[in-house]
There are 2 protein chains.
Amino acid sequence: MSAASLDCQDRVARLLDQLTRLARGLQFADGLNPAQWDCLRFISRANAHSRTPGAIATFLGTTKGTASQTIIALEGKGFVRREKDPCDRRICRLVITDAGKTKLENDPLRCVRHAAERLPHGTAEMLADGLEQLVCDLRIRHGCHEFGVCNKCGHFIGSGDKAKATCGLLQESIPQTETNRICVSFKKREPAVELGSD
Amino acid sequence: MSAASLDCQDRVARLLDQLTRLARGLQFADGLNPAQWDCLRFISRANAHSRTPGAIATFLGTTKGTASQTIIALEGKGFVRREKDPCDRRICRLVITDAGKTKLENDPLRCVRHAAERLPHGTAEMLADGLEQLVCDLRIRHGCHEFGVCNKCGHFIGSGDKAKATCGLLQESIPQTETNRICVSFKKREPAVELGSD
DNA sequence: CCCACTAGTATCGACTCGAAACTATTAAGC
DNA sequence: GCTTAATAGTTTCGAGTCGATACTAGTGGG
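Residues numbered from 1 in each chain as written. Chains lettered and ligands numbered in written order. Predicted model: local features only at pLDDT ≥ 70, side-chain atom pairs only at ≥ 80, totals over all residues. Heavy atoms only, no water.

**Let's talk about unusual backbone geometry**
Residues and elements named next belong to chain A.
Here's step 1: Of note in this structure, aspartate 30 is not a glycine but carries a positive phi near 65°.
Here's step 2: Structurally, aspartate 30 can be placed in the loop between helix H1 (3-26) and helix H2 (34-45).
Here's step 3: Note on aspartate 30: relative accessible area 45%, which makes it partly exposed. (Helix = DSSP H or I, 4+ residues; strand = E, 2+ residues; numbered from the N terminus. Buried < 20%, exposed > 50% of the residue type's maximum accessible area, 1.4 Å probe, protein only.)

Spelled out as structure tokens, the structure:
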């Protein structure tokens, strides 16, 4: 409410503005552009169900047409490969090539992580908490979907046997290598309620 | 160093990634795109010396050609006007029109500020401090210039009489309305040193 | 078998992006 | 004063984003 506190909220907004510009600038690197880096990065972190053009469009907040174009560009540069799904031939699975994996090792956004590592002890925690609140607030107010990994998802059915995880939505078992990957169908897990009033 | 602390640095990086995407998405609004909003926003905050195509390119980290194109788009939409400098006819001064001012009142990034205002007491301060360190680190490592306002600039020569501020670089007096505006020629003010060893 | 639905692609026009070539205009050297 | 260099902007190019719209192909229900 005070002038000083108003000032600091302004600082947050302007620093984020700077950071956004900085991060964007960094991503015009190595022959790719920000959209292509975003796409490549997502494919590398997504579960099998989400490594498709449609899922990429949903995650990146764009349209299927745009996503398709970006994929074509990445394919042309040899960083991504298309594979038809044998079960449902409408679906196109995206696979990162070896060249793509090598490329990702030089992800220009890696330096943001390194900068976070150089922050003093405790600062990174506070920063992460503050950012989380900010992101959460913005997401709610702008109706943006939240994405998360399988093993924290409301559809995840885990058993004592770690090797036998299942997705309640797709009715499919989830390989252990996939449980820690991002899914476009992520649903926030409800806190266990005993007395629900529908 | 621990796994937990590694996790939180990862959180910072990913939250910033999300925030960047969110902010970018918000800026495809109202008939403008992110580059155009950035440009309009900068012109409204820059001092007279910096309201030129070249300065915009420097500040936004792009080329003069690209900045020129963005200005043409804004001019076509009636938010910006060009004026030839009478002293140096190479220079083109940019002026925001009334329509441009109205437009800026609905700046989509305003909501980031509002989100910051809704943070609990103290969180915004910590967030701003953490972000500042991060931005500073990234700027140094990537050779990006820092921009600031006249009255905090190393070239600023203020006197007891507030109305008589001067810019040591341009050898020009600075009107009072301009002292709080961004300048592309900003130079970090050296802490007063008495015994300098050159 | 038809029809609705879904996944993805193709095409359009407006625009960004960097790079490079270009036009004015000013300043500096002789 | 005249040439030359530097500066401020613009133009043009090709690749690519972006949303919108129309399209193809495969799936599944009635």
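**Notes on the protein's contact with DNA strand C**
Here's step 1: By nearness alone, 27 residues border DNA strand C, and Lys64, Ser68 and Arg82 of chain A together with Thr62 and Arg89 of chain B come closest of all.
Here's step 2: Between a phosphate oxygen of DNA strand C and a side-chain N or O atom of serine 68 of chain A, the distance comes to 2.9 Å.
Here's step 3: Within the contact set of DNA strand C, a phosphate oxygen lies 2.5 Å away from a side-chain nitrogen or oxygen of threonine 62 of chain B.
Here's step 4: Listing elements by their share of the surface near DNA strand C, those giving two or more residues are helix H3 (53-60) and helix H4 (64-76) of chain A together with helix H2 (34-45) and helix H4 (64-76) of chain B.
Here's step 5: In terms of residue count, H4 of chain A provides more of the surface near DNA strand C than any other element does, five residues in total.
Here's step 6: Among the residues making up the surface near DNA strand C, the classes are represented as seven nonpolar, 12 polar and eight charged. (Near = heavy atom within 4 Å. Polar contact = N/O pair within 3.5 Å; in protein donor to acceptor, adjacent residues only side chain to side chain. Nonpolar A, V, L, I, M, F, W, Y, C, P; charged D, E, K, R; others polar.)

**Observations regarding the sheet that holds strand S4 (residues 156-157) of chain A**
Here's step 1: Pairing is antiparallel in the open sheet, where three strands are placed in the order S4-S5-S6 (chain A). At either margin of the open sheet sits one strand with a lone partner, and together these are S4 and strand S6 (172-174) of chain A. (Pairing = 2+ DSSP bridges.)

**Things to note about the domain arrangement of chain A**
All names here are of chain A.
Here's step 1: Taken domain by domain, chain A comprises domain 1 (22-118) and domain 2 (143-190).
Here's step 2: For domain 1 and domain 2, the distance between their C-alpha centroids amounts to 21 Å.
Here's step 3: Between domain 1 and domain 2, the residue contacts involve 13 residues of the former and nine residues of the latter.
Here's step 4: With both chains or domains summed, domain 1 and domain 2 bury close to 940 Å², and 59% of this area falls on carbon and sulfur atoms.
Here's step 5: Glutamate 178 is the partner of arginine 51 in a salt bridge, and the nearest nitrogen-oxygen pair spans 3.6 Å.
Here's step 6: The tally of links between domain 1 and domain 2 comes to seven residue pairs in polar contact (both at pLDDT 80 or more).
Here's step 7: Going through the elements one at a time, H2 and H3 are the ones with two or more residues in the side of domain 1 that touches domain 2. (Domains from an automatic or database assignment. Contact = heavy atoms within 4.5 Å. Buried area = accessible area lost by both parts, 1.4 Å probe. Salt bridge = Lys/Arg side-chain N within 4 Å of Asp/Glu carboxyl O.)

**Considerations on the nonpolar core**
Here's step 1: Of all hydrophobic cores here, the largest spans 42 residues; its most connected members are Leu16, Leu131 and Leu134 of chain A together with Leu16, Leu131 and Leu134 of chain B.
Here's step 2: Apart from the residues within four sequence positions on either side, leucine 134 of chain A is in contact with Val12 and Leu16 of chain A together with Leu19, Ala115, Ala116, Leu119 and Leu127 of chain B. (Core = buried A, V, L, I, M, F, W, Y, C linked by side-chain atoms within 4.5 Å.)

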